[in-house]
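Close look at the chain arrangement
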Amino acid sequence: MKKPHMIMLVADQYRMDSIGYGGCHAAVTPNFDRLAEEGIGFNNAFCQNTVCVPSRISFLSGLYPHVNGHRTMHHLADQNYPNLLRNMKDNGYQVYWGGRNDFLRGDVPSSLVCDVRNNRYETFFKVMRGKIDPSELDMDTRAVVDYRKQVHREKLAMPERYKYSHYYGVGDRAFSDLSDIKEIEDAIQYIENYDEDKPLMMYLAVTLPHPPYQVDRKYYDMIDPEKILDPIRLTQDQRYRKPAMFNGIRDNQGLYEMSDDELKEIKRVYLAMGTKLDDAFGKLMATLKEKGMYDDSFIFMFSDHGDYTGDYEIAEKSQNTYEDMLTNVPLIVKPNFKVDHKNGENALIELIDIQATIYEVAGIKPGHTHFGKSLMPVLKGSNTHREYVFTEGGRMEGEKHCTDSGHNIDNEYWARTAVQDEIPGHTKAIMVRDEKFKYISRHYEMDEFYALTDDPNEVNNLIDDENYKEQIIKMKDTLLNFYMSTCDVVPHRRDDRVERSH
């Protein structure tokens, strides 16, 4: 039988509770919602790290960040590191890679992992960093660059409390036009002209809805502000029991000076960015249908991690805090067969399970040990998958090479990276979560424990509550077993011993 096409759309920083199929009444995402109806929209999918690079290396390799130390933004995979794209290419798939990298080292030729690499996203960043002369750009590109400069000037004129908010507001065009929308348009054109005998593996890694929070008015006007939930705010006692990274970013950003309406405005723009992505995604799906490829395709839509979006008076993300808004991400899977059962919507999923699913469907042996668990049983009707999910990050004291240092105080990212320069702020930490409870072990500071059924917003750290002592011990034992079973991987080869003569 012909192997199905594999289409992967990877959003960036998209939290689960901000998409329509996930129950967000303010979200306008009809195309994502329709795909979830045709397949399964999972409610409990979790990333393995809460920043881009380690999350992507993890879900493309099936390895947890701690296995080989890929837990920072600046340690990428080399040409020998296992990854899904290379395995698909080596096993007969035509691999198209569009959008951002954030997983492969710059000295690794893209031809090693794909047949076609669209570099528009890299061009966009060269433009933004001043590495390309504006005179070399086409008119549309120059217009977006000029607009970004204009918006940046307007941002500098905003009140001081907006300085580290990543909020750029609403305009006639958006930064994502030059990267994300063009990337998806290029992918559409590629599908329109696709005439290969090989099955297609399309990996589209876009930026939306990653900050800066900025969007076109067309999409902004689609979001009803009356449906947006009030931001989560903590009391001083509740903040005291949160980690140093959480409080450090909050203190540096200063969003606590914003009103509820101002914080909801950030959410409105963020939701509108999701609508913009949904609109472009719908055009991609329409092209697959027109080409006659849709029914023969496995389609995966998900995000690498989530976003605070003003909740807890914090914008953006962090490297070692694990509230659900950062760890729980959208995941929609539409297989090349009809899903008659929706029992598995609430199953606990890890992003590393995506590559395991693709390998099973494509009949590929990956050639390396990985920890993903295929979703095929869930797609065929099972309502259980994993008992626990895990997310990890941070560093040990002295591991300065694991930080994101280098941003000065005028840079928006300083508010976060300044905390990452310090211990215990950037302490190594790991989360284990089941359906009802979440335990977070922190190396240099107070642990965390949340009873999610009664406290879904994770505002009350119950780590010292005697009523949960046995549950906390159980989850600590679970972490020990997790580390024991995933602490390393042995290469799938056996080396000959050479006898030495004396």
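Structure shown above.
In this text the structure is predicted, and so the values were computed from the model without any measurement.

Rules and cut-offs
- Residues numbered from 1 in each chain as written.
- Predicted model: local features only at pLDDT ≥ 70, side-chain atom pairs only at ≥ 80, totals over all residues.
- Heavy atoms only, no water.
- Helix = DSSP H or I, 4+ residues; strand = E, 2+ residues; numbered from the N terminus.
- Buried < 20%, exposed > 50% of the residue type's maximum accessible area, 1.4 Å probe, protein only.
- Contact = heavy atoms within 4.5 Å.
- Pairing = 2+ DSSP bridges.
- Phe/Tyr/Trp six-rings, centres within 6.5 Å; stacked < 30°, edge-to-face > 60°.
- Lys NZ or Arg CZ within 6 Å of the ring centre and 35° of its normal.
- Axes fitted to C-alpha atoms, helices over the stretch in contact; angles between N-to-C directions.
- Polar contact = N/O pair within 3.5 Å; in protein donor to acceptor, adjacent residues only side chain to side chain.

Concerning the environment of His385
- Along the chain, His385 falls in the loop between helix H13 (376–379) and strand S11 (389–393).
- Judged by its relative accessible area of 9%, His385 falls in the buried class.
- As for His385 and Asp221, which are separated by 164 residues in sequence, their C-alpha atoms are 39 Å apart.
- Not counting residues up to four positions away in its chain, the partners in contact with His385 are Ala347, Leu348, Ile349, Asp353, Lys373, Ser374, Leu375 and Val378.

Notes on the pairing of strand S6 (residues 200–205)
- The buried fraction of S6 is high, at 6 of 6 residues.
- Side chains of S6 alternate between two faces, with Leu200, Met202 and Leu204 and Met201, Tyr203 and Ala205 buried alike.
- Pairing between strand S1 (residues 5–11) and S6: 5 bridges, direction parallel. In the strand pairing of S6, Ile7 is matched with Met202.

Observations concerning the packing of aromatic side chains
- Going through the model one piece at a time under the given rule, you end up with 23 aromatic pairs.
- Seen from their ring centres, Tyr164 and Trp414 are 5.5 Å apart, and the 40° between their planes marks the pair as tilted. You can see Tyr164 sitting in the loop between helix H5 (139–156) and strand S5 (167–171) and its partner Trp414 sitting in helix H14 (residues 414–420), a full 250 residues away along the chain.
- Each ring, one from Phe482 and one from Tyr483, has its centre 5.7 Å from the other, and the planes form 50°; the classification is tilted.
- The ring of Tyr312 carries Lys242 above its face, with NZ or CZ at 5.4 Å from the centroid.
- Lying across the ring of Tyr220, Arg268 places its NZ or CZ 3.8 Å from the centre.

What about the sheet that holds strand S8 (residues 297–303)?
- Ordered by their spatial adjacency, 8 strands build an open sheet running S4-S3-S6-S1-S8-S9-S2-S10, and the pairing between neighbours is mixed. Edge positions in the sheet fall to strand S4 (116–118) and strand S10 (348–350), since each of these pairs with one other strand and no more. Strand after strand, the sheet turns through a mean of 20° between neighbouring axes, direction not considered.
- For S1 and S8, the ladder comprises 7 bridges, and the chain directions are parallel. Looking at S8, one finds that Val10 is bridged to Phe302.

A short note on the environment of His210
- Its place among the elements puts His210 in the loop between S6 and strand S7 (213–216).
- Residue classification places His210 among the buried residues on the basis of a relative accessible area of 12%.
- Along the primary structure His210 and Glu316 are separated by 106 residues, whereas in three dimensions their C-alpha atoms are 8.1 Å apart.
- Apart from residues lying up to four places away in sequence, His210 is in contact with Asp12, Gln13, Arg100, Met273, Lys317 and Tyr413.
- For His210, the side chain forms a polar contact with the side chain of Lys317, separated by 3.4 Å.

Note that every value here comes from positions in space, so none of it alone points to a role or purpose.
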